[in-house]
Structures are given as structure tokens and as C-alpha cells.
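Below, each chain spelled out in residue letters.
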Amino acid sequence: MSQRTLTVGSPWRVILLFTVPLLIGNLVQQMYHVIDAMVVGNVLGVTSLAAVGATGSLLFLLLGFAWGMTSGFAIPTAQAFGAGDLRGVRRSVAAGALLSAGVSIFLTIVAPLIARPVLVLLRTPPELLDQATTFAVISFLGAGATMFFNFLSAIIRAIGDSRTPLIFLVIACLMNVVLVVAFVAWLGYGVGGAALATVLSQLLSVVLCLLFVRRRLPVLHVQREDWRVTRAELGHHLHLGLPMGFQASIIAIGTLAVQVALNTLGADAVAAYTTATRVDGLAIAFLASLGLAVSTFSAQNYGAGLMDRIRVGVRQSLWMSVAGGLALAAVLITAGGPIVRSFVGNDAEGVVDMAHWFLVTNGSLYVVLGVLFVLRGALQGLGYTLVPTLTGVIELVMRVGAAIILGALFGFTGIVWGNPLAWVGAVVLLVPAWRAARLKLATTATPSGASAAFSGPNAFGGSDTVKDTTGVGDNDVHADAAPMPLGVSEADRDMAVSLLANSVPDEYEPHDDAHGLRHSTQASPQPSPQPRS
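Residues numbered from 1 in each chain as written. Predicted model: local features only at pLDDT ≥ 70, side-chain atom pairs only at ≥ 80, totals over all residues. Heavy atoms only, no water.

**Let's talk about helix 14 (residues 366-381)**
Part 1: Here helix 14 contains 16 residues, and its C-alpha end-to-end distance of 22 Å stays within 8% of the 22 Å for a straight helix at 1.5 Å per residue.
Part 2: Here helix 14 lies mainly inside the structure; 14 of its 16 residues are buried.
Part 3: Remark: G383 follows helix 14 within two positions and exhibits a positive phi of approximately 100°. (Helix = DSSP H or I, 4+ residues; strand = E, 2+ residues; numbered from the N terminus. Expected span 1.5 Å × (residues − 1). Buried < 20%, exposed > 50% of the residue type's maximum accessible area, 1.4 Å probe, protein only.)

**Some words on the packing of aromatic side chains**
Part 1: Going through the model one piece at a time under the given rule, you end up with five aromatic pairs.
Part 2: Ring geometry for F168 and F212: centres 6.0 Å apart, planes at 80°, overall edge-to-face. Placement of the pair is F168 in helix 7 (residues 163-186) and F212 in helix 8 (residues 190-216), with a sequence separation of 44 residues.
Part 3: Pairing Y366 with W423 gives two aromatic rings, centres 6.2 Å apart and planes at 40°, and the pair type is tilted. Here the residue Y366 occupies a position in helix 14, and W423 occupies one in helix 17 (residues 418-442), the gap between them amounting to 57 residues. (Phe/Tyr/Trp six-rings, centres within 6.5 Å; stacked < 30°, edge-to-face > 60°.)

**Description of the packing of helix 5 (residues 126-141) against helix 8**
Part 1: Packing of helix 5 against helix 8 leaves a shortest axis separation of 8 Å and a crossing angle of 15°. Judged on the interaxial angle alone, helix 8 and helix 5 are roughly parallel. Read as a crossing pair, helix 5 and helix 8 show a hand that is right-handed. Listed contacts from helix 8 to Q131, T134, F135, I138 and S139 of helix 5 are V191, G192, A194, A195, L196 and V199.
Part 2: Considering only residue class, the contact of helix 5 with helix 8 consists of seven nonpolar, four polar and no charged. (Axes fitted to C-alpha atoms, helices over the stretch in contact; angles between N-to-C directions. Parallel < 35°, antiparallel > 145°, perpendicular 65-115°, else oblique. Left-handed = near helix turned anticlockwise from the far one by under 90°. Contact = heavy atoms within 4.5 Å. Nonpolar A, V, L, I, M, F, W, Y, C, P; charged D, E, K, R; others polar.)

Laid out in C-alpha cells, this is it:
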């Protein structure tokens, strides 16, 4: 079986093992961007490289939104899989696929039409505009391939397999490099060839994912009746997907503001920031991957009703993030200068100094960033949408504020402080939000059996008995996973109430049992039994 449940085994171990393929995938993507830039820059020249770079924020704004949204679509899949609700898994896949198709069609039609006007609005230099438009239009025409690779990867990870999407990603990246060389260097297709190479590589990865699902993952095989999704099911997936998409878009908007401020400081500042962000992206890949792993872990265990296990796993992940953040900070603080110099050479000491300052400032607060990734991932996996979205807004305000205010007062140094301030502002909200969620988990009963974790009708169209072929349990299980609320969720309402509370009574304070799990000293109310069909 390729799928694997994250509901058994030592929490820190299964989270770490799940993180490793995600980390490698992140690093592979980062390295691809470096190689792609080298090919375009060396073959076509600096102007073409700048034209491709000029589209980065626009592509990130729209395609990043699509990526975040598909990640949200996979959360109900992970929850249903954790509960042993196979029918719910299939219907979640169907709902996510329909929504992904709709967004793909919209982006494919609308985005190419607005690409040039938006680039003009962003004050793209005239000498870059034609090539930038070509690159953006071709990229948007292939939005469907990008969208469905992200969606298929997300649902495969949702059932516990983070290794297979990594393999397909590596294959796609290798093909991308080969095609970029062929289209740009040999066939002379220009920047359009670079964009086409990416689209074709993503299309190959979609085909590989579909073949893998068909041959190896029967749990994801959608049947004819599963396609008859209801408005409530679509709304439920949008309720989780849209906020995660907006978070990605908010980051892109903040990047645009920073870019405008950097442009006023000169070429050295732009070069220093660009170089430092590449190194920074490689450094934080572990922390970002850990946060994504925690999200899947929380979703599966929430579906299985293993509330204590979620709390233990998040606590252990926080310790891993702290250790990782300290190690990464030590590397960047002590070796950041030589690392930057390997990018820009020995004749740009001003650039090296500014980039090193960026790495020292950011690296010093990687511990905070690690906490941010873990807590936000945990809340998203539990189905909370309000607080994670608000943290994105806080990050946007902090980054834009630093770019405009601190940039005007302190120049490059002020702009650099945008990221750390954004992280601190987000964590200030996430810590009490996670405490409220943790206390709720502590006072929620953990029934025996995965499907007994919830009462009430199935979120995906009723309660039926299905054969467990996932390895979650040895016996038949009931598909009784409770629906996540629509609109403003019950989870978000409870979160708001908890955050407004001045204190928590002592009798609700959790304590460790002999197995390292935490329980509340307050007796947890048992859910009322519901009739099952």
C-alpha cells in the first residue's frame, strides 16, 4: 500500500518521516529556479532574465492563490481518511477536482487577457514588457497543469504518502531543465520556450500522478455517484481552500510592496535582496515542510478522533522547529557572507554586506518562524480558517509597513526588518489561538475506534458502512465523520469565544499521564449516541 496513516506510531517520528520528502521537494524546486535563471541569463542575456523576473510577483499572486487553495481542498480528504471514511475520501476528491477544474478554466481564460495590462500597471520597464508578457501568457495558459499537479499531490499527501509526489516533482524538474536547454539554447524559442518547458513538465507530472492513483491508490478512485456532490460539500471545501489561497496572495502583495521600495534604493539593494532571499528560501525549506506535515498529521488524527495525539504531536513539532531554527540561524550567521559571495563573486562587497545583514536578521528569528509554521499548520489541519487568515493579513501589514515606513527611515536595513516583524506579529495571534484550540481538544472526548470519533450525519452525504482497505483498522468501520461547519465554522466561533475569555479555570488545565499524553482534569462530556443506518 502506498497510503499510510499518520494516526499510529510515535508522533514526532511519523511527522519527521513525512517531512523529509517535503523538504527534498522544496529544495529541488529551489534549485530548479536557480538553474532556470542561469540558462535564461547566460543564453538570452540579462534583459531576458529581468523580463522573466518581472513576472514573478504576478505569477505568484495568481498561481500561488491556486496552490494554496488546492492545499485547503485536501484537508477534508485527510480528515475523512483518518476517520476510515472511504466514501468521504472519494467525495472529497470529487469536490476538490471539480473546484480545481473550475478555477483552472477561469485562470486559463482570464489571466492571459489581463497579463499585459497588469504588467503595465506594475510599471514594468518598456524594454522588458514584450518578453514579460510572452512569459506570463504562456504560463497562464498552462495554469490547468499547475493546478492539477498541486491538487493531485495534495490528496496523495493527505493519505500519508509524501514520497511519491516528491518522485514526480523530481522527474518534472529534471524534464524542465532539459526542455529549457532545448527550447531556449537549441531551438531559439526565447523566454516563451522557458515558460513552455515549465508547462509541459507540469503536464507530465499530472499524467504520472493520475497513473499512480489509478494503479496503486484504489482509496482515491472516484465512482460515478461520488461526482454528484452537493452545494454544501463544495462550500465546505471552499471554506477551507479560499482562506489558504488568500494567504498565498497576501504574501504576494507584500512582495510587490517590498519590490517597489527596493527599486528606489538602487541596483545593489535589489541584487542583495534577491540573492539573500534565494539563500533564505533554501534555509527555511525545513521549517515550511514541517508545518505542512503537521497540517496533514493534525487533519488525519482529528478525523480519527485522537485529540491527545494531536496535542502531543504539535508539542513535539514545536521542539523540532526550535532545534531546526537554531541550527539554521547558526549556519547563516557564521557562514552567510561566504554563501552570498558564491552567488555574486568577490567584486561586490557592498552587495555581500547587505545580503549578509538580511540573513543575520532573518536567521536570528527563525525560531519564531518555525513556531509560526507549526501552529498555523496545526490549526489549518483542524479546520480553523479565521485565525490563519488573520495571520496572513498581519504579515501583509507588517511587510508593507516596513517597506514604506522603515524603508524611508533606515533604507535597506528597515526593509529587511519586514519579515521578522511579520513573523512576530503572526505568532502573537497564533499562540493564544493554539492554546484555545488545545484546551478544546483537552476537553473533547476521545472515543475508541476511528469512526466513533464523531456523531451525526456524514459530511459527504450520509452514513454508510464501508470496508476498511486503508490499514486504519482491522474491522469494518462506519463512515460517520461529522461535517466541518460551513460559513463561519463552529471551530472559529469557539476560537473567538476562547480568545475573548480572560482566563481558563484551573480545573481545565491539562496534565500529563503516564504515557506522555495530556488530559484535562475536568470530566469530558460524552457525545450523545446517534442512530446509524
